[in-house]
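Architecture at a glance
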Amino acid sequence: MAEPTPFSTILIANRGEIARRVIRTARRLGYRTVAVYSDADAGAAHVREADRAVRIGEAAPAASYLKIDAIIAAAKAAGADAIHPGYGFLAENAAFAGACAEAGIVFIGPSPAAIIAMGDKAGAKRVMEAAGVPCVPGYQGEDQDEARLAAEAGRIGFPVMIKATAGGGGRGMRLVEREADFPAALKSARSEAQSAFGNPDVIIEKAILSPRHVEIQVIADRHGNVLHLGERDCSVQRRHQKVIEEAPSPAVDEDLRARMGETAVQAARAIGYEGAGTLEFLLDAQGRYYFMEMNTRLQVEHPVTEAVTGLDLVELQLIAAAGAPLPITQAQVQVRGHAIEVRLCAEDPAKGFMPQSGRFRAWAPTTALRVDHALGGDPEISPYYDSMIAKVIAHGDSRADACRKLIHGLEDTVALGIATNQGFLAACLAHPVFAAGQATTAFIGAHGDELLARDARADRRAAAVAALLLHGIATDGRGVAGRSLAHTLPVPVLLAVDGIAMGVSIARAGPGRFTAEVEGEIVELAPVELAPEAQGVAGALVAAIDGTTTRLRFARDGHVLHLHLDGRPVRIDDRSFEPAHRAGEAAGDGRIRAAMNGRVVAVLAAIGDEVEPGRPLVTLEAMKMEHVHKADLAGRITAITVGEGDQVGAGQVLVEIEAPAAAG
């Protein structure tokens, strides 16, 4: 019988919400906890909540959370005899698991050998095929010659997927529908894979178009017990990144669940797996499923499995890591009700989901649902890490019940000051295709325009309320914008509602009543109760809008007003006092500004270069993604204000372009 490996102090080699999540269970079970932190996280919630905390380096992940030697040293300094890796960073790094073993520290996860077996897509497919697990037809050979890869793609038959053998998250992945497009797609995928993972090797697979993405959660101990905990459906994705996850899958019945579960158990046994892991499959319309990859760690979406099974997956990880047998059998695993999780991210859907960073002016997650996050009283989103800021999870007796609760929970969550995907998530949940349980991996691509569509009536209501707050009513005797409307004459106001310009005329209609004309439509307003905070720059307003009383939250940042109205966040820029643009003035001013906080990874031009619109100039890295900034007009570069490695802030001028003088 395997010997137990007792431990008493757990270092969490991670940050943010997953670090808090592990701390919560560890402390409940009587373990001491140790947090590690970078300079960017010195005041973070996980640091405050752990029993001990150790600084491990500078803000950049490569200088902190990815430094194996620094984390091992921190564990020794704090007296930790076990390390939980969370997910991301070093969670699937075999060298890290090995370093823990060499240091006599329990790694709460699988063995280095299991991580290696599943860490390379090509090797993992070979192992799974040998174990009898169904895999997508493809090529995962060591011969990476371009001609060989092209020949294999032709043998498999288009469309095909090119996938980087290392890493994941959609990087190094390309869908190729025609043979003629293969060389360019291969070059692009290899370049991205080399940049992201230091390995340009790829595999070629038959493209399963519009499949379901269904994964099976497994848990195993060192006594030979391997269980599956049902499936999760992660089909709603954007650029191969999961957006919504649910359990159980609306496409999986009891028979298919049993077969997929047994396949997952079979796969885990084949590599001597120990701990929590997830087998990911593609499920086609005929009910055939194919192995994609195995994540040898806890996953972001584990809360939906916890909700429907009543099990604590972190607790099971700790039991397995300590060498004890699992406390349940397969027959005792029961799925009850339905759970859905959404990933709330700091990104701007209207601008191609560009990652955002900065400080929230107001943050109040719903109290009706489970919300896993790491934002404290002064919530700031760092540009150094992933854009996900919270996971919102709903559990109900039925799928419709869970969906309804989740939509309301999203609408009840206040997140003002930074653009998020909050409204986009609510639109996904409310879409008829998702509501019917028919969403596949093609869902967002097929319905993107509908999901991003603006609500003109809601925009007009927001503009009217903004005009009222900015130019109509007073708080603390000086007005939200330092003034109040004391006369009945209409006051013209120019606003931009989430970037859309709107003319508003606001007028006092009588005691406690106002009218706002927005783009020719009249909105009646009657403030009922105004609760200012922070000397009038943030607060709550109860008002009757067109006869219906509603409560809204607001926060002001100079001439920008952030509203939480009708269950969605809205940004309103007050342009009433801006100088008018000259007729014929070009849209671009030649000053290329950073679209977000980030690090300069490449300067692609030089002073004196003649450029055309669209010419790439500077590449920034923010939240694990690269963003190319391009010329906005034709002309000559007169200044480049940054260099590679520089940290820049949103709005900072990177490059200046001088347009040629007009002919006289």
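Everything discussed here concerns the structure shown above.
Numbering of residues starts from 1 in each chain and follows the order in which that chain's sequence is written. Restriction of local features to residues with pLDDT of at least 70 applies here, the model being predicted, together with a cutoff of 80 or more for giving and counting side-chain atom pairs; totals for whole chains, interfaces and linings are based on all residues. To get the side-chain values, take all heavy atoms of the structure and skip hydrogens and water.

Considerations on the overall build of the chain
Every helix listed is a DSSP run of H or I at least four residues long, and every strand listed is a run of E at least two residues long, numbered separately from the N terminus. In terms of regular secondary structure, the chain is built from 16 helices and 39 strands. Along the first, second and third principal axes, the C-alpha atoms of the chain reach 85 × 60 × 55 Å. Think of it in three bands: with a 1.4 Å probe and only protein chains considered, a residue is buried below 20% of the maximum accessible area for its type, exposed above 50%, and partly exposed in between. Out of the 664 residues in the chain, the part that is buried amounts to 54%. By the convention used here, residues are in contact when the closest approach between their heavy atoms is within 4.5 Å. Within the chain, residue pairs in contact and separated by at least 24 positions form 61% of the contacts whose partners lie at least 6 positions apart. For the chain, the exposed surface amounts to about 27,500 Å²; the carbon and sulfur share of it is 50%. By the counting scheme adopted, Arg and Lys are positive, Glu and Asp are negative, and His together with the chain ends is not counted. For the purpose of locating charges, the reference atoms are NZ of Lys, CZ of Arg, CG of Asp and CD of Glu. Averaging the locations of the 67 positively and 83 negatively charged side chains of the chain gives two centres separated by 2 Å. For the accessible areas, the method is Shrake-Rupley and the probe is 1.4 Å, while residue cover comes only from the protein chains on display.

Some thoughts on the sheet that holds strand S7 (residues 160–164)
In a beta sheet, neighbouring strands pair by backbone hydrogen bonds and run either parallel or antiparallel. On the basis of which strands lie adjacent, the open sheet formed by 4 strands has the order S6-S9-S7-S8 and antiparallel pairing. Strands at the two margins of the open sheet, each flanked by one partner only, are strand S6 (138–139) and strand S8 (173–176). Pairing between strands requires that DSSP locate at least two bridges from one strand to the other. The sheet contact formed by S7 and S8 spans 4 bridges and is antiparallel. The residue of S8 that forms the bridge with valine 160 is valine 176. Helix axes use the C-alpha atoms of the stretch in contact, all axes being lines fitted to C-alpha atoms, and the angles between their N-to-C directions lie in the range 0 to 180 degrees. Lying over the sheet, helix H6 (residues 121–130) contacts S6, S7 and strand S9 (202–206), oriented at roughly 50° with respect to S9.

Examining the pattern of salt bridges
Take a side-chain nitrogen of Lys or Arg and a carboxyl oxygen of Asp or Glu: if they are within 4 Å of each other, that pair is a salt bridge. Here the structure, examined in full by the defined rule, presents 45 salt bridges. Two residues, glutamate 205 and lysine 163, come together in a salt bridge whose shortest N-O distance is 2.9 Å. One end of the pair, glutamate 205, is in strand S9; the other, lysine 163, is in strand S7, and 42 residues separate them in sequence. Judged by relative accessible area, lysine 163 falls into the buried class, the value being 7%. Notably, a salt bridge pairs arginine 212 with aspartate 233, separated by 3.4 Å at the nearest N-O pair. Of the two residues, arginine 212 sits in strand S10 (residues 212–220) while aspartate 233 sits in strand S11 (residues 226–238), which places them 21 residues apart along the sequence. As far as burial versus exposure is concerned, arginine 212 and aspartate 233 are alike and both buried. Counted as one network, the salt bridges with shared partners bring together Arg21, Arg28, Glu306, Asp312, Glu315, Arg370 and Asp372.

Notes on the environment of glutamate 519
Of note, glutamate 519 is situated in the loop between strand S26 (513–518) and strand S27 (521–533). Measuring from C-alpha to C-alpha, the distance between glutamate 519 and methionine 502 comes to 6.6 Å, with 17 residues separating the pair along the chain. When residues no more than four places from it in sequence are discounted, the contact partners of glutamate 519 are Ala501, Met502 and Gly503. Throughout this description, a polar contact denotes any pair of N or O atoms lying within 3.5 Å of each other; where both atoms belong to protein, one of them has to be capable of donating a hydrogen while the other can accept it, and for residues adjacent in sequence the pair is counted only when both atoms sit in side chains. At 2.8 Å, the side chain of glutamate 519 forms a polar contact with the backbone nitrogen of glycine 503.

Details of the environment of threonine 440
With respect to the secondary-structure elements, threonine 440 resides in the loop between helix H14 (432–435) and helix H15 (443–452). On a C-alpha basis, the gap between threonine 440 and arginine 343 in space is 17 Å, while along the polypeptide they are 97 residues apart.

Side note on the packing of aromatic side chains
Between the rings of Phe, Tyr and Trp (Trp by its six-membered ring), a pair exists once the centres lie within 6.5 Å; its type follows the angle of the planes, with under 30 degrees stacked, over 60 edge-to-face, and the other angles tilted. Counted under the stated rule, the structure contains 11 aromatic pairs. Ring centres of tyrosine 65 and tyrosine 385 lie 5.7 Å apart, and the angle between their planes is 80°; this geometry places the pair in the edge-to-face category. Of the two residues, tyrosine 65 is situated in the loop between strand S3 (52–57) and helix H3 (68–78) and tyrosine 385 in the loop between strand S21 (380–381) and strand S22 (388–396); the sequence distance between them amounts to 320 residues. A relative accessible area of 0% places tyrosine 65 in the buried class. Pairing tyrosine 384 with tyrosine 385 gives two aromatic rings, centres 6.1 Å apart and planes at 50°, and the pair type is tilted. We classify tyrosine 385 as buried; its relative accessible area is 2%.

By themselves, these observations are geometric and do not establish any function.
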